[in-house]
Amino acid sequence: DIFKLKHGLIMTVLYIMTFGIFSGLAAVFPLLIRSCYGGLPGAPDPLAYAFLGPLVGSVARVAAGPVADRFGGAKVTQVAGLGMLACTLAVPFYTAPASMAEFPYFVGAMLGLFFFAGVGNASTFKQMPMLFPPRQAGGVIGWTAAMAAYGPFACAMLIGQSFAWFGSPNAFFWWCAVYFAASLGLNWWYYARRNAPNPC
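Description of the structure in this document. (Residues numbered from 1 in each chain as written. Predicted model: local features only at pLDDT ≥ 70, side-chain atom pairs only at ≥ 80, totals over all residues. Heavy atoms only, no water.)

1. Observations regarding the packing of helix H1 (residues 6–37) against helix H6 (residues 134–148)
With their axes 8 Å apart at the nearest point, H1 and H6 run at an angle of 45° to one another. Considered as vectors, H1 and H6 are oriented oblique to each other. Judged by the sense of rotation from one axis to the other, the crossing of H1 with H6 is right-handed. For the pair H1 and H6, the contacting residues are Gly 8, Met 11, Thr 12, Tyr 15, Ile 16, Phe 19, Gly 20 and Ser 23 in the first and Val 140, Trp 143, Thr 144, Ala 145, Met 147 and Ala 148 in the second. Partitioning the contact of H1 with H6 into residue classes produces nine nonpolar, five polar and no charged. (Axes fitted to C-alpha atoms, helices over the stretch in contact; angles between N-to-C directions. Helix = DSSP H or I, 4+ residues; strand = E, 2+ residues; numbered from the N terminus. Parallel < 35°, antiparallel > 145°, perpendicular 65-115°, else oblique. Left-handed = near helix turned anticlockwise from the far one by under 90°. Contact = heavy atoms within 4.5 Å. Nonpolar A, V, L, I, M, F, W, Y, C, P; charged D, E, K, R; others polar.)

Written out as structure tokens, the structure is:
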């Protein structure tokens, strides 16, 4: 019966925004570094940076749990989504570098994306038990996690297509920005705004 729940679908969309992107970018972060910076003099070793994104996102998830408990999952999800939107709009400015001087900005924007995705992981988990009774909440959490687990496959495929069609990963990040904006609209309208129909 969870597939008949409107909010089950909405939370799936939100959890793909947070955990789906987190897991997907964790898988392709080294590939992005190699593709964008590998041809420059003094190019970085992608594997030396591969662990940073998952580390930042995981620490952020742990730290954001108590914050979501205090201020409400929907409000924290809104802040996390806005941070993800800002970072994903920043990344394309550093994907066609003229020199290694741009690399710290690229890494910073990517780590910001990982950080806010980790925060959103915690806050969306706070929302679901508040929206559904325990039996349905368990089913919705399992379903959303299963869908978001396709993040590495989806991100790798979409980034590959972006390179194939446009010669850069930027189209992927523009698509992410549109998805994040739509997700933020859903979260704000149903859960985060004043007098929202389902505050959580």
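2. As for the environment of Met 147
Among the structural elements, Met 147 can be located in helix H6. Using a relative accessible area of 27% as the deciding quantity, one classes Met 147 as partly exposed. In sequence terms Met 147 and Leu 186 are 39 residues apart; their C-alpha atoms lie 18 Å from each other. (Buried < 20%, exposed > 50% of the residue type's maximum accessible area, 1.4 Å probe, protein only.)

3. Notes on unusual backbone geometry
Non-glycine residue Asn 195 carries a positive phi angle of around 65°. Tracing the backbone through its elements, the reader meets Asn 195 in the segment after helix H8 (170–192).

4. Regarding the packing of H1 against helix H3 (residues 52–71)
In contact at an axis separation of 9 Å, H1 and H3 are set at 155° when each is read in the N-to-C sense. Accordingly, the angle class assigned to the pair H1 and H3 is roughly antiparallel. Of H3, the residues touching H1 (which contributes Tyr 15, Phe 19, Phe 22, Ala 26 and Phe 29) are Gly 53, Pro 54, Gly 57, Ser 58 and Arg 61.

5. Description of a nonpolar patch on the surface
A cluster of nonpolar side chains, contributed by Tyr 150, Phe 153, Met 157, Leu 158 and Trp 175, occupies part of the molecular surface with about 550 Å² of accessible area. Top contributing element to the nonpolar patch by residue count: helix H7 (residues 151–166), with three residues. Summarising the element assignment, Phe 153 is placed in helix H7. On the accessibility criterion, Phe 153 (54% relative accessible area) is exposed. (Patch = residues over 30% accessible without salt bridge, like charges linked within 9 Å, V, L, I, M, F, W, Y side chains within 5 Å. Areas by Shrake-Rupley, 256 points an atom, 1.4 Å probe, with all protein chains shown as cover. Salt bridge = Lys/Arg side-chain N within 4 Å of Asp/Glu carboxyl O.)

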